[in-house]
Amino acid sequence: MTTTTDHAELSTEQVLQRVIPWETYMTTKLITGTSLQLLRRYDKRSESYRAGLLDDDGPAYVRVFVSILRDIFKEETVEYVLALIDEMLTANPKRARLFHDESLAKEDIYEPFIRLLWRGNWFIQEKSCKILALILSARPKKQHGGAANGEASNSKSKLTTIGDVLKGLVEWLCAQLKKPTHPSRGVPTAVSCLAMLLKEPVVRSSFVQADGVKLLIPLVSPASTQQSIQLLYETCLCIWLLSFYEPAIDYLATSRCVPRLIEVVKSSTKEKVVRVIILTLKNLLPKGAFGAQMIDLGMLQVVQSLKAQAWSDEDLLEALNQLEEGLKDNMKKLSSFDKYKHEVLLGQLDWTPVHKDSFFWRENITNFEENDFQIIRVLITILDTSNDPRALAVACFDLSQFIQHHPAGRIIVTDLKAKDRVMKLMNHENAEVTKNALLCIQRLFLGAKYASFLQA
């Protein structure tokens with residue numbers, strides 16, 4: 001028997017070169033005489049000839065293909081019929097509507113494909129997934145959540161419901177994202193299929209319930225090859241579609257989704273990737289704490305930088321303008337400490353009013369303890385890394401204010417090794433820097449004799 005890996009590398013063209021003994025299947029009553037006639041008419045014919053047959057009698061061919069997949073289990077034959085269907089739908093995706101023809105109302109068109117998804121070989125899984133996604137997307141809208149193929153309520157044989165189909169398919173897609181059957185094609189196939197299906201609320205719901213959102217986030221990372229750019233684009237497309245669905249937004253809020261999207265959009269030159277990320281961030285901006293998070297991550301500057309580039313897509317330019325306006329509105333709503341924190345985290349310090357406002361320091365001094373004194377650590381890093389005299393002067397001044405207003409300010413700043421860095425700046429060529437460095441050192445030494453008492 002051929003190994004799974006060999007099957008994984010099969011192409012549709014290779015499979016379609018096989019000669020299938022249809023007559024034998026009729027002799028053993030696995031297919032009917034009518035099916036044999038249709039297959040003889042269709043098999044090994046030119047694409048234009050087949051197109052005519054499908055135009056004239058498409059649902060009859062669909063019935064034959066589905067019945068073979070239902071009744072025949074020989075792998076080579078299953079692969080062959082899947083390749084025929086794939087070829088037919090690739091040539092014209094609108095033919096997926098044939099599966100929903102009224103004459104097939106009593107046929108369980110989904111069951112064979114759902115069952116084949118879990119078969120061992122990759123060719124069968126990949127083709128079943130692609131075909132299922134196309135058939136599902138083409139179904140009449142009245143079927144949402146209802147029975148497959150307009151099943152009559154008094155039908156004696158129960159057909160696979162749309163709910164079962166979607167649940168089975170989403171389960172398989174999540175399994176591929178966790179542990180792909182094929183090392184290089186499992187994940188892209190699953191993401192491509194999701195990008196097609198997540199347009200539907202019912203699929204979004206199934207995907208969130210299956211805990212699928214967290215499986216997409218690691219795939220959001222800068223891409224260079226054509227293949228990885230397509231995977232990144234389709235992953236971002238999935239996240240954009242999920243950003244319209246409230247329960248998914250809760251998952252996105254607790255993941256590293258926004259930092260990853262911003263990281264990608266900073267470096268991507270691919271217009272379609274930038275567009276879908278900007279549209280996603282625009283959707284998320286008014287929700288929960290996303291606005292504040294984007295501001296903390298410097299998204300306003302990123303948007304302004306993107307606006308300066310020559311994009312041809314008008315939708316993208318409009319979305320960039322809307323996102324910029326939204327971020328500016330969010331900035332206005334931020335508290336004075338949020339604005340201050342934003343300024344520090346970006347390393348863009350200036351003499352904005354809060355720095356010399358003693359009320360600001362008294363009211364917000366405990367906020368400086370957040371994230372293990374993150375703001376103080378960043379101010380000290382600025383002393384080491386910034387070449388901007390204004391930023392250095394403001395950082396020294398802010399450290400002196402922290403020492404003055406926080407009960408353990410001197411100890412904290414000393415423990416974080418700020419003293420030597422500030423001392424170096426006392427010899428800086430800029431007078432504003434030396435003046436504020438001196439002020440900071442004075443505050444540090446002024447209370448030196450109390451340090452042992454405060455530590456006790």
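Computed from a predicted model, the values in this text were never measured in an experiment.

Student: I keep staring at the overall build of the chain and nothing clicks. Help me out?
Tutor: The secondary structure content of the chain amounts to 27 helices and zero strands. Relative to the globule expectation of 23 Å for 456 residues, the C-alpha radius of gyration of the chain, 31 Å, shows a markedly less compact shape. Counting only C-alpha atoms, the chain reaches 105 × 50 × 45 Å along its principal axes. Looking at the chain residue by residue over its 456 residues, the buried ones come to 50%. Restricting the contact set of the chain to residue pairs at least 6 apart, pairs at least 24 apart contribute 70%. Accessible area of the chain: about 22,000 Å², with a carbon and sulfur share of 52%. Positive and negative side-chain charges in the chain, numbering 56 and 54 respectively, have mean positions lying 2 Å apart.

Student: Got a minute to help me understand the confidence of the model for the chain in this structure?
Tutor: Interpretation of the predicted coordinates at a detailed level should be avoided for regions scoring low in pLDDT. The predicted model of the chain averages 89 in pLDDT, with 92% of residues at 70 or higher. Throughout residues 150–156 the model reports pLDDT below 50, and contacts reaching past four residues in sequence, or to other chains, amount to five contacts. This model gives residues 448–456 a pLDDT under 50, and the stretch forms five contacts once residues within four places in sequence are excluded.

Student: Help me understand helix H18 (residues 299–307) in this model?
Tutor: Residues separated by three or four positions in an α-helix point in the same direction, a consequence of the helix having 3.6 residues per turn. Turning to H18, its buried residues are Met-299, Leu-300, Val-302, Val-303 and Leu-306. Taken around the axis of H18, the buried residues stretch over an arc of 160°, which confines them to a single face. Considering only its buried residues, H18 is in contact with helix H15 (257–267), helix H16 (271–284), helix H17 (290–296) and helix H19 (314–333).

Student: For this particular structure, what's the right way to read the pattern of salt bridges?
Tutor: Two side chains bearing opposite charge may form a pair once their charged atoms approach each other closely. Applying the stated rule across the entire model yields 25 salt bridges. One salt bridge in this structure joins Lys-341 and Asp-296, with 3.8 Å as the shortest N-O distance. Taken together, the residues Lys-341 in helix H20 (residues 336–345) and Asp-296 in helix H17 connect sequence positions 45 residues apart. Look at Lys-341 and you get buried, because its relative accessible area is 13%. Take Asp-296: its relative accessible area is 29%, and that puts it in the partly exposed class. Residues participating in the shared-partner salt-bridge network are Arg-63, Arg-70, Asp-71 and Glu-107.

Student: Would you take a moment to explain the packing of aromatic side chains for this structure?
Tutor: By convention here, two paired aromatic rings are described through the distance between centres and the angle between planes. Under the counting rule described, the total for this entry stands at 18 aromatic pairs. A centroid spacing of 6.2 Å and a plane angle of 50° characterise the contact between Trp-22 and Tyr-25, whose relative ring orientation is tilted. Of the two residues, Trp-22 and Tyr-25 are both situated in helix H3 (residues 22–27); the distance of three residues between them amounts to about one turn of the helix. In terms of burial, Trp-22 and Tyr-25 fall into one category: buried. Between Phe-368 and Phe-402 the ring centres are 5.9 Å apart and the planes differ by 45°, which places this aromatic pair in the tilted class. Of this pair, Phe-368 sits in the loop between helix H21 (358–364) and helix H22 (370–385) while Phe-402 is found in helix H23 (residues 389–405), placing the two residues 34 residues apart along the sequence.

Student: Would you explain the nonpolar core in this entry?
Tutor: Soluble globular proteins tend to pack their nonpolar side chains together in the buried interior. Trp-22, Phe-99, Phe-113, Phe-207, Ile-278, Met-294 and Met-299 are the most contacted members of the largest nonpolar core, which has 119 residues in total. Listed in part, the 36 residues of the second largest apolar core include Leu-349, Leu-416, Val-422 and Val-433.

Student: What is the right way to look at the packing of H18 against H19 in this model?
Tutor: Each pair of packed helices can be described by the angle between their axes along with the distance between the axes. Running from amino to carboxyl end, H18 crosses H19 at an angle of 155°, the nearest separation of the two axes being 10 Å. The pairing of H18 with H19 is recorded here as roughly antiparallel in orientation. For the pair H18 and H19, the crossing hand works out as left-handed. In contact with Met-299, Leu-300, Val-303, Gln-304, Leu-306 and Lys-307 of H18, H19 contributes Leu-320, Asn-321, Leu-323, Glu-324, Leu-327, Lys-328 and Met-331. For the contact of H18 with H19, the class distribution of residues is eight nonpolar, two polar and three charged.

Student: Is there a simple way to think about helix H6 (residues 75–91) in this case?
Tutor: Between its terminal C-alpha atoms H6 stretches 24 Å, which fits the 24 Å expected from 17 residues at 1.5 Å a residue. Counting buried residues in H6 gives 13 out of 17 residues, a clear majority hidden from the surface.

Student: For this particular structure, what's the right way to read the state of the cysteines?
Tutor: Note on terminology: a disulfide is the covalent bond linking the sulfur atoms of two cysteines. All told, the structure shown has zero disulfides when counted by the stated rule. Cysteine Cys-238 shares no disulfide, and the gap to the nearest cysteine sulfur, in Cys-236, comes to 9.1 Å. Cys-396 carries a free sulfur, and the closest cysteine sulfur to it, the one in Cys-440, is 5.7 Å from it. The class of Cys-396 is buried, set by a relative accessible area of 0%.

Student: Where do I start with the packing of helix H4 (residues 33–42) against helix H5 (residues 47–71) in this structure?
Tutor: The geometry of H4 relative to H5 is characterised by a closest axis approach of 10 Å and an angle of 135° between their N-to-C directions. The orientation of H4 with respect to H5, classified from their angle, is oblique. In this structure, H4 crosses over H5, and the sense of that crossing is left-handed. When H4 is examined against H5, the residues Ser-35, Leu-38, Leu-39, Arg-41 and Tyr-42 are found in contact with a partner set consisting of Tyr-49, Arg-50, Leu-53, Leu-54, Asp-57, Ala-60, Tyr-61, Val-64, Phe-65 and Ile-68. Across the contact of H4 with H5, the residue classes break down as 11 nonpolar, one polar and three charged.

Student: In this structure, what is going on with unusual backbone geometry? I would like to understand it.
Tutor: In terms of backbone geometry, most residues other than glycine have negative phi values and most peptide bonds are trans. A positive phi angle, close to 60°, is found at Lys-29, a residue other than glycine. Along the polypeptide, Lys-29 turns up in the loop between H3 and H4. Non-glycine residue Asp-372 carries a positive phi angle of around 55°. Residue placement: Asp-372 occurs in helix H22.

Cut-offs used in this document
- Residues numbered from 1 in each chain as written.
- Predicted model: local features only at pLDDT ≥ 70, side-chain atom pairs only at ≥ 80, totals over all residues.
- Heavy atoms only, no water.
- Helix = DSSP H or I, 4+ residues; strand = E, 2+ residues; numbered from the N terminus.
- Rg over C-alpha atoms; globule rule 2.2 N^0.38 Å.
- Buried < 20%, exposed > 50% of the residue type's maximum accessible area, 1.4 Å probe, protein only.
- Contact = heavy atoms within 4.5 Å.
- Areas by Shrake-Rupley, 256 points an atom, 1.4 Å probe, with all protein chains shown as cover.
- Lys, Arg positive; Asp, Glu negative; His and termini not counted.
- Charge placed at Lys NZ, Arg CZ, Asp CG, Glu CD.
- pLDDT = per-residue confidence, 0-100.
- Arc of directions from axis to C-beta.
- Salt bridge = Lys/Arg side-chain N within 4 Å of Asp/Glu carboxyl O.
- Phe/Tyr/Trp six-rings, centres within 6.5 Å; stacked < 30°, edge-to-face > 60°.
- Core = buried A, V, L, I, M, F, W, Y, C linked by side-chain atoms within 4.5 Å.
- Axes fitted to C-alpha atoms, helices over the stretch in contact; angles between N-to-C directions.
- Parallel < 35°, antiparallel > 145°, perpendicular 65-115°, else oblique.
- Left-handed = near helix turned anticlockwise from the far one by under 90°.
- Nonpolar A, V, L, I, M, F, W, Y, C, P; charged D, E, K, R; others polar.
- Expected span 1.5 Å × (residues − 1).
- Disulfide = S-S within 2.5 Å.

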